[in-house]
Amino acid sequence: MLHVIAQASPQGVQALILVFGAAIMAFAIGLILGMWFRKQQEVTRIQSANEKAESIVRVAQAKAETLAKNAVLEGERQAEARRREAEAEEKARRHELLEEEQRLRSRETQLLERETAVTARDREIEQRERQQRDAEAQLADASRLQEKELERVGQMSRDEAQVILLRRLEEDLTREYGKRVQRHEQQYKEEADQRARRILSHAIQRCALDHTAETTIGIVQLPSDDLKGRVIGREGRNIRSFEQITGVTVNIDDTPEVVVISSFDPVRREIARRSLQALVDDGRIHPGRIEDEIERARAEVEEAMLEAAQEAVALTGIGSIEPELLKLLGRLKYRFSYGQQILKHSVEVAFLAGNLAQELGTDVQLAKRAGLFHDIGKAVDHEIEGTHALIGADIMRRFDAPPALVHAIEAHHEEVEQKNIEAILAQVADAISAGRPGARGDTLDNYVRRMTRLEQLANSFEGVARSYAIQAGRELRIVVHPRDLDDLAASALAREIARKIEEMGGYPGQIKVTVIRETRSSATAR
């Protein structure tokens, strides 16, 4: 291009320079205009952004003001709600304080009334003592006058008159003593009966147990009498092997389709019954099979005893106990007394003792443990000499039981003197469980023997005409000769016979003694 420009004429060069200059000017102007337009756009964009920012700020300020107002209103509402709650709590607390004040005033009034009653009773007692002293003084004066009169009229010696006076005085004092004892006994009995009924009713109604009458099972049913020969075996080897391993006696007599198992150990008897029943059902009876079935039955019985003991402990809620003690407790599942299962009886006694302890405000857990383990000695009493209460106490000592629990177990039949409330609760709960209707069964021989013993004991007292044991031995009615005993002596006779029955023992529950004295007078008008 420079070459072309060099070859051109000056006018052409000048024209080219002008054109080139004009182009440059146009480019510069365009560039300046473009820059100016871009700057204006930037300014416009910045203004728009500022306006948007201001708008956003205004909206944010409006929202912030709205939120602040709402927060203030919400705070005021919460403050009002808290104020109302505080007022309600203060009102409730004030009401509770008023009620507490009223209760305290009522208690103070009751205490004042009791104090007044006690003061009145003390005054009455003092007055009675003064009256008694006056009566004794009058009696002494009358005795002296009678003595002088007797000496004068009857010409008796002083010793003879003294014997007569002492006899009369003894009769009068006996009669007065009987009247007072009867009056106070009736009063204390009514008060004690009311409180005892209330406590026992609360305890019993909270003890809801299933009462099932169970008996000891010692009989195995056979499908046919042909199996008796298999049970006996060739030359008696099966039955000898069975008795030797189980330690029971198997009686096979003429009774059709029945084999009787007898043993003093209820656990052995149950193992023998289960194993023999399994052998009879299977039909294969030989020494090897017998040994296998006995081992299987022993494992089943031990598992059943352990489950029963665990269930008893869980029901009573006494906490965990030692595994060995748990096994001893499970053995009571197959022990019965008058037809009542000892383990269920122990659970029932635990519930009753715990409820009674709660009513009286004593240690509930200790009372429950005493009730559950009070008959633990019966698990081994056929192996160890002694009563089950003392045996059970020795067992609990070996397991490091608390002294209070050991004493409650050994004293629940009053074989040792009762020294804590748990022993009394165990005895009471035991009597309630054993004495309720349907709790225990009995054989006819034992029933007749107990009735006879009660009637013989009553007939041994002087003045008794006839005696009748009724209500299955729970009541003893005694008819006395009216000429030999008066009403006060009849009341004393009832107490004496009841005390003798308690000393005799050997009965469940309690026995009511009723003495009947009747005088009949008749005349014929002609």
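On to the sheet that holds strand E1 (residues 219-221). Reading across from one edge, E1-E3-E2 is the order of the three strands in this open sheet, with antiparallel pairing throughout. If you trace the sheet from one side to the other, it starts and ends with E1 and strand E2 (249-251), each paired once. Within this sheet the neighbouring strands show an average axis-to-axis angle of 25°, counted without direction. Of the pairings in the sheet, the one linking E1 to strand E3 (residues 258-262) comprises three bridges and is antiparallel in character. In the strand pairing of E3, Val220 is matched with Val259.

Further remarks concern the side chain of Arg273. By the element assignment, Arg273 lies in helix H6 (residues 266-282). Side-chain polar atoms of Arg273 contact the side chain of Glu270, separated by 3.0 Å.

What follows is about the nonpolar core. Formed by 35 residues in total, the largest nonpolar core has its most connected members in Leu329, Leu372, Phe373 and Met396. Contributions of two or more residues to this core are made by helix H7 (287-316), helix H8 (323-330), helix H9 (342-360), helix H10 (364-373), helix H11 (388-398), helix H12 (403-410) and helix H13 (421-435). Per-element accounting of this core gives the leading share, five residues, to H9. When neighbours within four sequence positions are excluded, Met396 is seen to be in contact with Leu325, Phe373, Ile376, Ala401, Leu405, Val406 and Ile409.

Let's shift gears to a nonpolar patch on the surface. Residues Met25, Ile29, Leu33, Trp36 and Phe37 make up a contiguous nonpolar surface patch of about 530 Å² in total accessible area. With respect to the helices and strands, the residue Ile29 is situated in helix H2 (residues 10-153).

Tallied over the full model, the rule gives one aromatic pair. Taking the centre distance of 5.0 Å and the plane angle of 65° together, the rings of Trp36 and Phe37 count as edge-to-face. Judged by its relative accessible area of 47%, Phe37 falls in the partly exposed class. In this structure, Lys333 is placed above the aromatic ring of Tyr334, and the distance from its NZ or CZ to the ring centre is 5.7 Å.

A separate point is the layout of surface pockets. The computed volume of the second largest pocket comes to approximately 780 Å³. Those elements that provide at least two residues to the lining of the second largest pocket are H2 and helix H3 (158-205). Looking at the lining of the second largest pocket, the element that brings in the most residues is H3, giving 11 residues. Of the residues in the lining of the second largest pocket, the class split is seven nonpolar, four polar and 10 charged.

In this section: the sheet that holds strand E7 (residues 475-480). Backbone-to-backbone hydrogen bonds join strands into a sheet, with any given pair of strands oriented parallel or antiparallel. What the three strands build is an open sheet, ordered E6-E7-E8; its pairing is mixed. Each edge of the open sheet is held by one strand with a lone partner, namely strand E6 (464-470) and strand E8 (512-516). Strand-to-strand twist of the sheet, defined as the mean angle between neighbouring strand axes without regard to direction, takes the value 15°. In the sheet, E7 pairs with E8 via five bridges, with the strands oriented parallel. By the bridge assignment, Arg477 is partnered in E8 with Thr514.

Counting through the fold element by element, Arg477 comes out in strand E7. When the C-alpha atoms of Arg477 and Val513 are compared, they prove to be 6.1 Å apart, with 36 residues separating the residues in sequence. Ignoring any residue separated from it by four or fewer positions in sequence, one finds Arg477 in contact with Arg466, Ser467, Tyr468, Ile470 and Thr514. One polar contact links Arg477 to Glu475, side chain to side chain, over a distance of 2.9 Å.

Moving on: the environment of Val301. Mapped onto the elements, Val301 comes out in helix H7. A residue is classified by how much of its surface remains accessible, and Val301, at 0% relative accessible area, is buried. For Val301 and Arg268, which are 33 residues apart along the polypeptide, the C-alpha to C-alpha distance reads 9.3 Å. Not counting residues within four places of it along the chain, the set of residues in contact with Val301 comprises Val267, Glu270, Ile271, Arg274 and Tyr334.

With that settled, the discussion passes to the side chain of Asn238. Checked against the element boundaries, Asn238 lands in helix H5 (residues 237-246). The class of Asn238 is buried, set by a relative accessible area of 4%. Of the polar contacts made by the side chain of Asn238, one reaches the backbone oxygen of Ile285; its length is 3.3 Å. Residues within four places of Asn238 in sequence aside, it is in contact with Arg230, Val231, Ile232, Gly233, Ile285, His286, Pro287 and Ile290.

This brings us to the pairing of E7. Bridge analysis of E6 against E7 gives six bridges, and the strand direction is antiparallel. When the bridges of E7 are listed, Ser467 appears paired with Ile478.

With that settled, consider the pattern of salt bridges. What the rule picks out here adds up to 24 salt bridges. Across the salt bridge formed by Arg397 and Asp394, the nearest N and O atoms sit 2.8 Å from each other. Pair noted here: Arg397 and Asp394 are both in helix H11, with a separation of three residues, about one helical turn. Taken together, the salt bridges that share partners define one network made up of Glu270, Arg273, Arg274, Arg289, Glu293, Arg296 and Glu300.

One way to see where empty space is left: roll a probe the size of a water molecule over the atoms. Within this structure, the stated rule accounts for one cavity of 30 Å³ or more. Considering only enclosed or pocket space, the largest cavity measures out at about 50 Å³ in volume. Val231, Asn238, Ile239, Phe242, Val250, Leu276, Leu279, Ile285 and Ile290 together form the lining of the largest cavity. Looking at the lining of the largest cavity, the elements that each hand over two or more residues are H5 and H6. Tallying contributions element by element places H5 first for the lining of the largest cavity, with three residues. Classifying every residue of the lining of the largest cavity gives eight nonpolar, one polar and no charged.

The rules behind the values
Residue positions are counted from 1 within each chain, in the order its sequence is given. The model is predicted, so local features are restricted to residues of pLDDT at least 70 and side-chain atom pairs to those at 80 or more, both for listing and for counting; the totals for chains, interfaces and linings are taken over all residues. As a convention, hydrogens and water are excluded, and side-chain values are obtained from all of the structure's heavy atoms. Only when DSSP finds a minimum of two bridges between them are two strands counted as paired. Only DSSP runs of H or I with at least four residues qualify as helices, and only runs of E with at least two residues qualify as strands; both kinds are numbered from the N terminus onward. With axes taken as lines fitted to C-alpha atoms, and helix axes fitted only over the stretch in contact, angles between N-to-C directions fall between 0 and 180 degrees. Polar contacts here mean pairs of N or O atoms no more than 3.5 Å apart (in protein, one a potential hydrogen donor and the other a potential acceptor; neighbouring residues in sequence count only if both atoms are side-chain atoms). The term nonpolar core refers to a set of buried residues drawn from Ala, Val, Leu, Ile, Met, Phe, Trp, Tyr and Cys, joined through side-chain atoms within 4.5 Å. In this scheme, a residue with accessible area under 20% of its type's maximum is buried, one over 50% is exposed, and one in between is partly exposed, where area comes from a 1.4 Å probe on protein chains only. In this description, contact between two residues means that some pair of their heavy atoms is separated by no more than 4.5 Å. Here a patch means residues that are over 30% exposed by relative accessible area and free of salt bridges, tied together within 9 Å if like-charged and within 5 Å if nonpolar (Val, Leu, Ile, Met, Phe, Trp, Tyr). All accessible-area figures derive from a Shrake-Rupley calculation using a 1.4 Å probe, and residue coverage is judged against the displayed protein chains alone. Salt bridge criterion: a side-chain nitrogen from Lys or Arg within 4 Å of a carboxyl oxygen from Asp or Glu. The pairing test for Phe, Tyr and Trp rings, Trp by its six-membered ring, is centres within 6.5 Å, and the orientation test on the planes gives stacked under 30 degrees, edge-to-face over 60, and tilted for anything in between. Whether a charge sits over a ring comes down to the Lys NZ or Arg CZ being within 6 Å of the ring centre and within 35 degrees of the ring normal. Of the grid points, spaced at 1 Å and generated over the protein atoms alone, those admitting a 1.4 Å probe that cannot get out make up cavities, while open sets with protein on both sides within 12 Å along at least five of seven lines make up pockets; any residue with an atom within 4 Å of a point is treated as lining. Grid points are joined across faces, edges and corners, and a volume is the space filled by probe spheres set on the points. Three classes are used, and their members are as follows: Ala, Val, Leu, Ile, Met, Phe, Trp, Tyr, Cys and Pro are nonpolar, Asp, Glu, Lys and Arg are charged, and the others, Gly among them, are polar.

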